Amino acid sequence: IHTVQIGNCSIDFHAQECIDIHGTKHALTKKEIQFLKLLVDNKNEVISREHILKVVWGFNVFPTTRTIDNFIMSYRKYFEEDPRNPKYFISVRGVGYKFVNA
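Residues numbered from 1 in each chain as written. Predicted model: local features only at pLDDT ≥ 70, side-chain atom pairs only at ≥ 80, totals over all residues. Heavy atoms only, no water.

(A) Just the sheet that holds strand 5 (residues 47-48), in detail. The strand order across the open sheet formed by 3 strands is 5-7-6, and the pairing between neighbours is antiparallel. Each edge of the open sheet is held by one strand with a lone partner, namely strand 5 and strand 6 (89-92). Pairing analysis gives 4 bridges linking strand 6 to strand 7 (residues 96-99), with the strands arranged antiparallel. Following the sheet pairing, Ser-91 is matched in strand 7 by Tyr-97. (Pairing = 2+ DSSP bridges. Helix = DSSP H or I, 4+ residues; strand = E, 2+ residues; numbered from the N terminus.)

This is how it looks when you write it as structure tokens:
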């Protein structure tokens, strides 16, 4: 899958960019795309922080889990109408995150 719709937004994995809720195009980093792809490919499944770190950052590099939170905050700013009450990028307390797309 090259493109994914999230509400009125879209992600183009091939071009490494997204269109946010305001219709603005954003270039995404390789890590942002990898993390988004992991979430989208595992739609409706909770992905642990450890798994996210291992898949996106690799075995040898361990950024703080705060890094993951910062990525999620960015995704919410791009794709959520109300980032404080997300409906797509959901936190699962003590475990990790899941992506839900109706």
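(B) Examining the pattern of salt bridges more closely. Throughout the structure, instances matching the rule amount to 4 salt bridges. Measuring nitrogen to oxygen at the nearest pair gives 3.2 Å for the salt bridge that ties Asp-41 to Lys-37. Here Asp-41 and its partner Lys-37 are both found in helix 1 (residues 30-41), 4 residues apart, which amounts to about one turn of the helix. Classification of Asp-41 as partly exposed rests on a relative accessible area of 48%. In this structure, the salt-bridge partner of Arg-49 is Asp-69, at a minimum N-O distance of 2.7 Å. Placement of Arg-49 in helix 2 (residues 49-57) and of Asp-69 in helix 3 (residues 65-79) is noted, with a sequence separation of 20 residues between them. (Salt bridge = Lys/Arg side-chain N within 4 Å of Asp/Glu carboxyl O. Buried < 20%, exposed > 50% of the residue type's maximum accessible area, 1.4 Å probe, protein only.)

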